[in-house]
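Structure at a glance
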Amino acid sequence: MSLSGSTTRFGRLAQALHWLTALLVLAAFLVSAGGPPERVYSTARASTLLLHESLGFSVLCLLVIRLVWRLFDRIPDAPAMPGWMELASKATHWALYALLFAVPATAIIGALFDGHPVTIYGLGAIGPFSGAWGAPLAEIHGTLGDIIMWLAGLHAAAAIFHHVFLRDRVLSQMVPGLPDPSSGQGG
Ligand code: HEM
Ligand code: HEM
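As the structure is a prediction and not an experimental result, all values here were calculated from the model.

Glancing now at the packing of aromatic side chains. Pairs of aromatic rings are described using the distance from one ring centre to the other and the angle between the two planes. Applying the stated criterion to the full structure yields five aromatic pairs. Taking the centre distance of 4.9 Å and the plane angle of 45° together, the rings of Trp94 and Tyr97 count as tilted. Taken together, the positions of Trp94 and Tyr97, both in helix H4 (residues 83-112) and three residues apart, correspond to about one turn of that helix. Judged by centre distance (5.3 Å) and plane angle (40°), the rings of Phe161 and Phe165 are tilted. One end of the pair, Phe161, and the other, Phe165, are both in helix H5 (residues 134-166), four residues apart, so they sit about a helical turn from each other. These aromatic residues form a ring-pair network of at least three members: Phe113, Phe129 and Trp133.

Take the confidence of the model for the chain next. Mean pLDDT over the chain: 94, with 97% of residues reaching 70 or higher. Across the chain, helix H1 (residues 12-30) holds the top mean pLDDT of 98, while helix H2 (residues 37-40) sits lowest at 88.

Here we come to the coordination of the iron atom of ligand 2. Bound to the iron atom of ligand 2 on the protein side are His18 (NE2) and His155 (NE2), at distances that span 2.0 Å. The site at the iron atom of ligand 2 holds six donor atoms, and with the angles between them running 86 to 179°, its shape is octahedral. Taken as a pair, His18 in helix H1 and His155 in helix H5 lie far apart in primary sequence, 137 residues in all. Here His18 falls in the buried class, since its relative accessible area comes to 14%.

Moving on: the UniProt feature "domain: Cytochrome b561 bacterial/Ni-hydrogenase" (unreviewed entry) in the chain. Sites flagged by UniProt as "domain: Cytochrome b561 bacterial/Ni-hydrogenase" (unreviewed entry) map to residues 9-177. Structurally, residues 9-177 is divided into 67% helix and 4% strand, and its ends, taken at the C-alpha atoms, are 11 Å apart.

Among the 19 residues in the neighbourhood of ligand 2, the closest are listed as His18, Arg70, Tyr97, His155 and Gln173. Within the contact set of ligand 2, a nitrogen atom lies 2.7 Å away from a side-chain nitrogen or oxygen of His155. For the shell around ligand 2, the secondary structure elements donating two or more residues are H1, helix H3 (46-72), H4 and H5. Looking at the shell around ligand 2 residue by residue, the class counts come to 13 nonpolar, four polar and two charged.

Below, the discussion takes up the coordination of the iron atom of ligand 1. For the iron atom of ligand 1, every protein donor is listed as His52 (NE2) and His141 (NE2), and the spread of their distances is 2.0 Å. Around the iron atom of ligand 1 sit six donor atoms; with metal-centred angles ranging over 86 to 180°, the donor geometry is octahedral. Placement of His52 in helix H3 and of His141 in helix H5 is noted, with a sequence separation of 89 residues between them.

Let's shift gears to the site of ligand 1. Around ligand 1 sit 21 residues, and of these Gly34, Tyr41, His52, Ala107 and His141 come closest. One nitrogen or oxygen atom from the side chain of His52 is found 2.8 Å from a nitrogen atom belonging to ligand 1. The separation between a nitrogen atom of ligand 1 and a polar side-chain atom of His141 is 2.7 Å. Residue assignment for the shell around ligand 1 shows that the elements contributing at least two residues are H1, H3, H4 and H5. With six residues, the single largest contributor to the shell around ligand 1 is H3. When its residues are assigned to classes, the shell around ligand 1 shows 13 nonpolar, six polar and two charged.

Turning to the packing of H3 against H4, a few remarks are in order. Viewed as axis vectors pointing N to C, H3 and H4 meet at an angle of 140°, and their least axial separation amounts to 9 Å. Overall, the two elements H3 and H4 adopt an arrangement that is oblique. Note that H3 runs across H4; the crossing there is left-handed. Note on element contacts: H4 touches H3 through Trp94, Tyr97, Leu100, Phe101, Pro104 and Ile108, opposite Gly56, Phe57, Val59, Leu60, Leu63, Arg66, Leu67 and Arg70.

Parameters at a glance
Residues numbered from 1 in each chain as written. Chains lettered and ligands numbered in written order. Predicted model: local features only at pLDDT ≥ 70, side-chain atom pairs only at ≥ 80, totals over all residues. Heavy atoms only, no water. Phe/Tyr/Trp six-rings, centres within 6.5 Å; stacked < 30°, edge-to-face > 60°. Helix = DSSP H or I, 4+ residues; strand = E, 2+ residues; numbered from the N terminus. pLDDT = per-residue confidence, 0-100. Donors = N, O, S within 2.8 Å, 3.2 Å for Na, K, Ca; no water. Tetrahedral: all angles 85-135°; square planar, octahedral: opposite > 155°, others 65-115°. Buried < 20%, exposed > 50% of the residue type's maximum accessible area, 1.4 Å probe, protein only. UniProt positions renumbered as here; feature names shortened; annotations may be inferred. Near = heavy atom within 4 Å. Polar contact = N/O pair within 3.5 Å; in protein donor to acceptor, adjacent residues only side chain to side chain. Nonpolar A, V, L, I, M, F, W, Y, C, P; charged D, E, K, R; others polar. Axes fitted to C-alpha atoms, helices over the stretch in contact; angles between N-to-C directions. Parallel < 35°, antiparallel > 145°, perpendicular 65-115°, else oblique. Left-handed = near helix turned anticlockwise from the far one by under 90°. Contact = heavy atoms within 4.5 Å.

Written as structure tokens, this is what we have:
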């Protein structure tokens, strides 16, 4: 398998970026800062918040790399399936891409305009700025953070359903070494 994709599999780079992103989103969610601002921005939680923000920044950086690479990469053709299913799968993928942008973007803009400086990997801070819409945006961030987890869960369940019940190559084209159940070939 090469760095670029083929008609039947995502390439090494697209696979690596997909799984690293999934891991980082899960980690950011698990360490997410909940509760009132006094708790979120308390000194006791400063290192957890820095970890949460750094994981989230990394998601945003990976998204940029992934979308640029996608312009040059060969994206596998969808295996044979009903039109509605192909449409639902494409809509889910683009909704996930939109959330991979919107979740970190609402957090960064929300925090900055709610009067909190945002540190980039703890190296230096930007902001804060003043604005009335910072706090509602930060709240939207939390909700979108929950939505991306639900949608990713549904997306993962659909991929496993394809593999186990429909026995097509949907899951195997994203998993290194997993054989395609419709041809019996790995890679
Ligand atoms: C994919 C990446 C991210 C995910 C999945 C995520 C998820 C979440 C979730 C679910 C919450 C709400 C927790 C709760 O109320 O129980 C939250 C809160 C928060 N997140 Fe993120 N987040 C991500 C990226 C970021 C980034 C890049 C920043 C950088 C500024 C950030 C800053 C915050 C802050 C400050 C809060 C507290 C919001 C408040 O109520 O004021 N997050 N995040
Ligand atoms: C936060 C977690 C995840 C996010 C944000 C995410 C996002 C995405 C996106 C945006 C695509 C579209 C790729 C493209 O065409 O450019 C994709 C494809 C795919 N994902 Fe995920 N994913 C996540 C987790 C998972 C998990 C846990 C699984 C499996 C158990 C999975 C299985 C797949 C498969 C099989 C494809 C290829 C599907 C196809 O081409 O029809 N993903 N994912």
